[in-house]
Structures are given as structure tokens and as C-alpha cells.
Amino acid sequence: MITRSVSSASLAVALAAATLSAQTTLQINTGAAAGDQLGRSCTVIGDLDGDGQAELAFGAPYASVNGTSSGSIRVTNGRTGALLYAFHGLAAGDRLGESVASAGDVDGDGYPDIVGGAPLHDQNGTNSGMARVWSGRTGAVLYTWYGDQAGDWFGLSVDGAGDTNGDGRADVIVGAPYGKGSNTANVGEARIFSGLNGSVLRTFNSPSGVSVLGYSVSAAGDVNKDGKADVIVGAPQTTNTQQDQGRAYIYSGATGATLYTFQGATAGEYFGNSVDGGRDVNNDGWPDVIVGSPNADYAGGNSGSVFVYSGRTGAQLYNLKGTASNDEMGRVCALAGDVDGDGWADVIGGARMKDQSVQNAGMARVWSGRTGATLFSVYGTLTDEQLGFSVGGGKDVNGDGLDDFIVGWPTFDTNNSNLDTGRVRVWSGTPLPITSYCTAGTSTSGCTATITTTGSPSLSSTAAFTLRANNVVNQKTGFLFYGRHGQAVPFGSGFLCVEPGYVRTPIQSTAGNATGTSCTGFLSVDLNQWLRQGNDPAVTAGSTLFCQFYYRDVNASFSNAVYFTVAP
């Protein structure tokens, strides 16, 4: 790296390539201490403060505020990142934050509320479990429910169910994957609780054997169009025709009847490990559902898949596959809302075991609901980082009118030393703008160098972000330089548009026609590559850079300038 702080005189002395859409990071949150594992769960809650932007919640089940691994849930402002609430487990080992979700407006005050699970709480026996609902407006506890008996793991999964009984209040669904009904041989249970008074509205039990029904739960929307919300529940260890092929059931909120049964095709798929619903993927006016099957083999052994099903007909709409063996795509999945603004709900899935340059770096991927094509992929960069352990989305965090998405990876290590602090990151599908400013100079040959860009600036992306100056005098030398502030100071035949304190990239030839003088030359720099190679460690995610090209002419000649913010 060569850094220059130069005057106009010293500047003269100093002279002797993306295939996918880019996305913008909106917010990053990191665990408070080693071992917290922030990001084992994450969600976009909704607008808690009336500013029109959704807030965020994420679990750190191994945080130890009230004893070792009592667990915590943090709620932050979507616009500023400020901490709004911190909820903590009641005792050591509770592991509050293994699950967290928007509960909907349970108390009818016009604000969405928050539900979280502590599956190892011991109220009714060891690991009987607990789920709790907090007011989104005040943070006060609204309801606390407990598992029936030891080992239920009640609260391992939670979600807002919507209004399942038509009383005008949002209800809540909680999974207890090791819970048992009257037939104790059938393992797996899920319950819907009334938002109006906290009573049990409905209980679903495993229909046969150890299915761990309730391992995943979600609202499904009004699938049967009876005016009441329905729910979807995963049972990933169901054995029907194949061992542990897994199932997912859509149940009527009004009657409890099974509306649809979806099933894994092969042994060991664990189909139903994750579920979500309530958004219209195929734009037919009915809410659709998605089911994760992390050990499906459609792109290699345990590559995993996220299946999308029509809420109107139950037909499969998409099989969204992992990319390689052992990715385990679909261990988590969510409906991401309309990320790309085409009016169709999109889908996000996590593949925490994805090998991306290094082993188990992890990946999260967003697919178009309209076409099934990949919209965005984000990757971990470190061994065993396991990005994509949790995913969520479906609401607008930055107020741009598009839904945003959130990804957690609890085994993130801060500074490569504080192990498993965990991290969550929120992305917008809309790249930050690249803005042109300042006026290009005109060379003695009449050339006016103009910057164009391709791609998006990012510290971690392997795709190019190319800045190119066209209409440059041929067979000269020049370079790109950048700084942290812009200006417009007359200099040579144009303007110096970057304040002193520059970083200069290597000198290069303008090329162009080999003979004569013309405006066929150009200068080009892949800035993402420059940053990835460690040439300027001072540039971090969120840095705003002001860039300009210089090339040698009779008078010093400058292009126009651009500025932008660098994404992670």
C-alpha cells in the first residue's frame, strides 16, 4: 500500500471484474462474551417504535447473565442498531434464545410482540422447557408457559400463529419435540395458545412413534380461506415408508384438522427440520409454505433442500437445492418477503456446513419466488464459522419499501480468539448507491475521462467491483487514488476531487491505440480485489470512499469522481 498526503506540487513529483445481484449490510450485532453463541436464532420483529422500520431480535442461549447458559434475547432498533430490550433466562441452563420470533400483536395495543423459548428450563422437571411472550411496546412479560414434564424441550421452536380462533388477537404456537400425549410412545407435540387470555387452544401430538413433531413450528396464513389462520408443524424424524424421512403438517387453526401432509422421499432426510409460511410465493392470492430437508441428496449426499408448496393446492412449487454434498441446505429456512421488489415473496435458506474456500464456512441463499432463481448468496469466510445457522426476514428494516433478511452464525469468533461469541447480520437486497460528483478535466487532446463502475464494493465478495475511466489519452500512465472526503479544488486542467490523505493504487498504462494521440485509452481497477489482498487495512465495512483517476498529460488530468460505501 502507498499512502500519499500531497499538495499540488508534490502530486507532480509522485507521478515519476459479478454474476449475482449485490446486497447491502444494514446492521451487524456480535455476542457480548465468548461462548454466548449469539445468532442461534434470529428474526425480524416488526415496527416497535412507530418509525416505519422493523426491529430485530436474536437469541444467545449460552449467555450467562443469570447463571451459566441461562441465555438471552436481544432486541435492537432496525434503524439505529440501538439495544431496545434484553431478556434473560431465569436460571442456569435455561438456554433462553434457542428460539425467538415475532408473536404478532398479542395484547392488541397495535405493536407486534416477541416470543422466545428456553427449552431446558426446569419448572416441571429437568428440561421441561418454557416459552415467554413480551410486549413489543414496553418489554413487559405478557405470558409464560411451561412444558408438561421432564424432557419435553418445550420452547425449542416458537412463532406467532396469527388469529387462529377469530377473536381478533394474534395467537402463539410453541413446539415441544419430546413432549408426549396420552400415548407416551408417540413423541412430539405442539400447542397453540390464545393471545387473548393465554389459554391452550389446541394441542397437536405425534401421530405415530418418535417423530419429534414440534421440532419446527410456524404460522401458515389462512391456507383454507375460512377466515382463520392455520399453522405448519415439522416432524423431521417421522418414519413412514422410510426411516427418518420426516414430515410436515398443515393444521387448520379453526378445527385442528390436517389440511396437508408433506413428506420426505428418502431415508434420513429429516424433512421438516424447519418450516415457515404465510406469504404468497407464486402470486396466486393464497399463502404458501416452505419446508427444509437438510439431509436430502438432490445435489449430493446431505446437500439439503428447501421445498416450496402451494397453499392453494399443496403442489410442490420448487425444490431449492444445496450446491454440494454435506451443505445441509434447509436446516433452517424462512420466507424472506419481497426482497427484490417484483411483488412475489422470496425464500431464504441456510446451509451452515457449506465449504466455501474453507471447511464449514457456511452459506445463506435467497431465491426468487417468481422464478426460483438465486437472487443473493452470502458466505462465511472462516473455517467452522457456520454462517446460515439461522435465517429470517419478511419485513422492511431500512424503510426503502423492500423486505430485508437476517442471518445468524453463533460460532463466529471475535478477533479469532473469543470463541463462539456469535454474530447476526442484516442485509438489504438494494445495493448502496454509487454517486458521481465533481467535473472531469479536459486534456490537451480534448479527452474528458469519465468513470463507470461494474459490480458493488465489498470486503468479502469474490466478485469484482471495477472502476474504469474511459475517454483517456492513449499511451500515458495513470492511477486510481481515493480518500475519506471529497472536495473540488481547481488543479491542472480539471479539479482535484479528493481531500489529501490519499491511498494510491499502482501506476498503469492507459493503453489504447499504439500510435498517434487519441482518446482511446482507459484506466481500470478492481477495488474489491485490491481490498481483499490487504492493501488498505484501514478500510472496513461501512467505510465511505471518494475515488478519482489521474493520468499524465501536459497538464495534470483528472477524471470526474465517485463515492460509495463499502459493504462487508
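Residues numbered from 1 in each chain as written. Predicted model: local features only at pLDDT ≥ 70, side-chain atom pairs only at ≥ 80, totals over all residues. Heavy atoms only, no water.

**A short note on the state of the cysteines**
Item 1. The full count for this structure, using the stated rule, is two disulfides.
Item 2. Between the sulfur atoms of C438 and its disulfide mate C497 the distance is 1.9 Å. Across the S-S bond of C438 and C497 the torsion is about -75°, and the bridge reads as left-handed. With a gap of 59 residues between them, C438 in the loop between β31 (435-437) and β32 (450-454) and C497 in strand β36 (residues 494-498) connect regions that are remote in the sequence.
Item 3. Classification of C438 as partly exposed rests on a relative accessible area of 23%.
Item 4. Between C447 and C519 runs a disulfide, and the two sulfur atoms are separated by 2.0 Å. Across the S-S bond linking C447 and C519, the dihedral sits near -90°, which makes this disulfide left-handed. Of the two residues, C447 sits in the loop between β31 and β32 while C519 sits in the loop between β38 (508-509) and β39 (521-526), which places them 72 residues apart along the sequence.
Item 5. Exposure remark for C447: the relative accessible area of 0% places this residue in the buried category.
Item 6. Cysteine pairing for the protein (bonded cysteines numbered in sequence order): 1-3, 2-4.
Item 7. No disulfide involves C333; its sulfur sits 12 Å from the nearest other cysteine sulfur, which is in C42. (Disulfide = S-S within 2.5 Å. Helix = DSSP H or I, 4+ residues; strand = E, 2+ residues; numbered from the N terminus. Buried < 20%, exposed > 50% of the residue type's maximum accessible area, 1.4 Å probe, protein only.)

**Considerations on the side chain of D113**
Item 1. Along the chain, the position of D113 falls in strand β8 (residues 113-118).
Item 2. Although D113 lies buried, it forms no salt bridge, and the closest oppositely charged side chain, R137, sits 7.4 Å away as judged by the N-O distance.
Item 3. Polar contacts involving the side chain of D113 include one to the main-chain amide nitrogen of V106, which spans 2.8 Å. (Lys, Arg positive; Asp, Glu negative; His and termini not counted. Salt bridge = Lys/Arg side-chain N within 4 Å of Asp/Glu carboxyl O. Polar contact = N/O pair within 3.5 Å; in protein donor to acceptor, adjacent residues only side chain to side chain.)

**What to know about the domain arrangement of the protein**
Item 1. Structurally, the protein comprises domain 1 (101-427) and domain 2 (435-566).
Item 2. Relative to domain 2, the C-alpha centre of domain 1 lies at a distance of 47 Å. (Domains from an automatic or database assignment.)

**Observations regarding the environment of F412**
Item 1. With respect to the helices, strands and loops of the structure, F412 is situated in the loop between β29 (404-409) and β30 (423-428).
Item 2. Apart from residues no more than four positions distant in its own chain, F412 is found in contact with T30, E385, N418, L419, D420, T421, G422 and R423. (Contact = heavy atoms within 4.5 Å.)

**Overview of the sheet that holds β32**
Item 1. Strands sit in the order β32-β33-β39 across an open sheet of three strands; the sheet is antiparallel. Bordering the open sheet on either side are β32 and β39, each of which pairs with just one other strand. Each adjacent strand pair in this sheet contributes to an overall mean axis angle of 20°, direction not counted.
Item 2. In terms of strand pairing, strand β33 (residues 466-472) meets β39 through five bridges, oriented antiparallel. Among the inter-strand pairings, L467 is bridged to a residue of β39, identified as V525. (Pairing = 2+ DSSP bridges. Axes fitted to C-alpha atoms, helices over the stretch in contact; angles between N-to-C directions.)

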